[in-house]
Amino acid sequence: MALIRDRELSKDSWVYIEDGSPVPAEGGAIVSLERWSVEREFLSGRNAPIGVRIEADTPADTLAKDLDRLDLIAVPFDQFKDGRGYSTARLLRERFGFTGELRAVGDILRDQLAFLERCGFDSFEYAGGTAAVEALKAFDEIDIVYQTATDRRQSAAATRNHPSRAFSNGTSG
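Definitions and cut-offs
Residues numbered from 1 in each chain as written. Predicted model: local features only at pLDDT ≥ 70, side-chain atom pairs only at ≥ 80, totals over all residues. Heavy atoms only, no water. Phe/Tyr/Trp six-rings, centres within 6.5 Å; stacked < 30°, edge-to-face > 60°. Buried < 20%, exposed > 50% of the residue type's maximum accessible area, 1.4 Å probe, protein only. Helix = DSSP H or I, 4+ residues; strand = E, 2+ residues; numbered from the N terminus. Polar contact = N/O pair within 3.5 Å; in protein donor to acceptor, adjacent residues only side chain to side chain. Contact = heavy atoms within 4.5 Å. Patch = residues over 30% accessible without salt bridge, like charges linked within 9 Å, V, L, I, M, F, W, Y side chains within 5 Å. Areas by Shrake-Rupley, 256 points an atom, 1.4 Å probe, with all protein chains shown as cover. Salt bridge = Lys/Arg side-chain N within 4 Å of Asp/Glu carboxyl O. Lys, Arg positive; Asp, Glu negative; His and termini not counted. Charge placed at Lys NZ, Arg CZ, Asp CG, Glu CD. Core = buried A, V, L, I, M, F, W, Y, C linked by side-chain atoms within 4.5 Å. Expected span 1.5 Å × (residues − 1). Arc of directions from axis to C-beta. Pairing = 2+ DSSP bridges. Right-handed = clockwise from strand over helix to strand, strands pointing away.

A separate point is the packing of aromatic side chains. As enumerated under the stated definition, the model contains 3 aromatic pairs in all. For the ring pair phenylalanine 77 and tyrosine 86, a centre distance of 5.4 Å and an interplane angle of 80° mean the geometry is edge-to-face. Grouping residues by exposure puts phenylalanine 77 and tyrosine 86 together as buried. Aromatic side chains phenylalanine 124 and phenylalanine 139 sit 5.6 Å apart centroid to centroid with 50° between the ring planes, which places their arrangement in the tilted category. In this pair, phenylalanine 124 sits in strand β8 (residues 123-126) while phenylalanine 139 sits in the loop between α4 (132-135) and α5 (156-160), placing the two residues 15 residues apart along the sequence.

Shown next as structure tokens:
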């Protein structure tokens with residue numbers, strides 16, 4: 001599985017730590033939400049990055065009070081048709097102000113990359129059938145968007161109605 005971070009193939013410096021397994025003293029460690037809830041003080045006191053993997057049905061506000069302690073949040077996509085992670089990402093970025101790495105994990109396909117990025121994800125465990133280097137092209141294939149998102153791109157309607165596009169009679173085209 002390839003890791004895409006900030007629109008580039010990247011080496012993954014994070015490791016998933018199973019519940020009950022020791023957490024290494026060094027390096028980025030990702031733990032379950034359950035483990036984080038029990039060992040919060042110990043884990044946030046490490047002198048190394050810490051991340052939490054939440055489940056698809058976990059409300060984004062569950063981590064709201066801990067966001068300043070977390071370097072990464074991994075959000076799973078267990079199947080293509082499950083869109084809850086998109087909403088979770090937008091809430092974490094826009095409502096709760098999470099600035100760390102937001103990673104989409106699981107069944108991440110090429111066709112999702114640009115949309116996931118628009119919702120606030122900046123890293124992806126890419127599992128698609130297309131070679132990862134080819135999948136990177138997906139980020140630049142959509143240049144007209146129909147709604148606003150965390151990337152703050154202007155929607156088609158806003159672009160169409162922008163004053164610079166107004167005709168002399170005041171209408172826009």
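Relative to the elements of secondary structure, arginine 5 occurs in strand β1 (residues 2-5). Looking at arginine 5, its side chain comes within polar contact range of the side chain of glutamate 101, at 3.4 Å. Discounting chain neighbours no more than four positions away, the residues touching arginine 5 are Ser10, Lys11, Asp12, Ser13, Trp14, Glu101, Arg103, Asp122 and Ser123.

Taken together, the side chains of Glu18, Asp19, Glu34, Glu55, Asp57 and Asp78 present a region of like negative charge at the surface. Position of aspartate 19 among the secondary structure elements: in the loop between β3 (14-16) and β4 (28-32). On the basis of relative accessibility, which here comes to 47%, the residue aspartate 19 falls in the partly exposed class.

What follows is about the nonpolar core. Membership of the largest hydrophobic core comes to 36 residues, with the highest contact counts inside it found for Trp36, Leu63, Ile73, Leu113, Phe121 and Phe124. When residues no more than four places from it in sequence are discounted, the contact partners of leucine 113 are Ile4, Ile108, Phe124, Tyr126, Ala135, Ala138 and Phe139.

Quick look at the environment of tyrosine 86 now. Among the structural elements, tyrosine 86 can be located in helix α2 (residues 84-95). Placed 34 residues apart in sequence, tyrosine 86 and glycine 120 show a C-alpha to C-alpha distance of 8.2 Å. Beyond its immediate sequence surroundings of up to four residues, tyrosine 86 is in contact with Phe77, Gln112, Phe115, Leu116 and Cys119.

The first and last C-alpha atoms of helix α1 (residues 33-44) sit only 13 Å apart over 12 residues, clearly below the 16 Å expected at 1.5 Å per residue. Buried residues of α1: Leu33, Arg35, Trp36, Arg40 and Leu43, and no others. Taken down its axis, α1 places every buried residue within 160° of arc, on the same side. Exposed side chains of α1 directed beyond 90 degrees from the buried face belong to Val38, Glu41 and Phe42. Tucked into the core, α1 has its buried residues touching β4 and β5 (50-53).

For strand β6 (residues 72-77), a buried count of 6 out of 6 residues is recorded, marking the element as mostly surrounded by other parts of the structure. Side chains Leu72, Ala74 and Pro76 project from β6 onto one buried face, and the interleaved Ile73, Val75 and Phe77 project onto a second face that is buried too. Inspection of the sheet shows β5 paired to β6 by 3 bridges, in the parallel sense. Its bridge partner being in β6, glycine 51 is matched across the sheet by leucine 72. Both β6 and strand β7 (residues 101-108) contribute to a ladder of 6 bridges, which runs parallel. Across the sheet, the residue bridging to proline 76 is valine 105, located in β7. At this point the chain moves from β6, through α2, to the parallel β7, and the crossover so formed is right-handed.

All quantities given are derived from atomic positions and should not be read as evidence of function.
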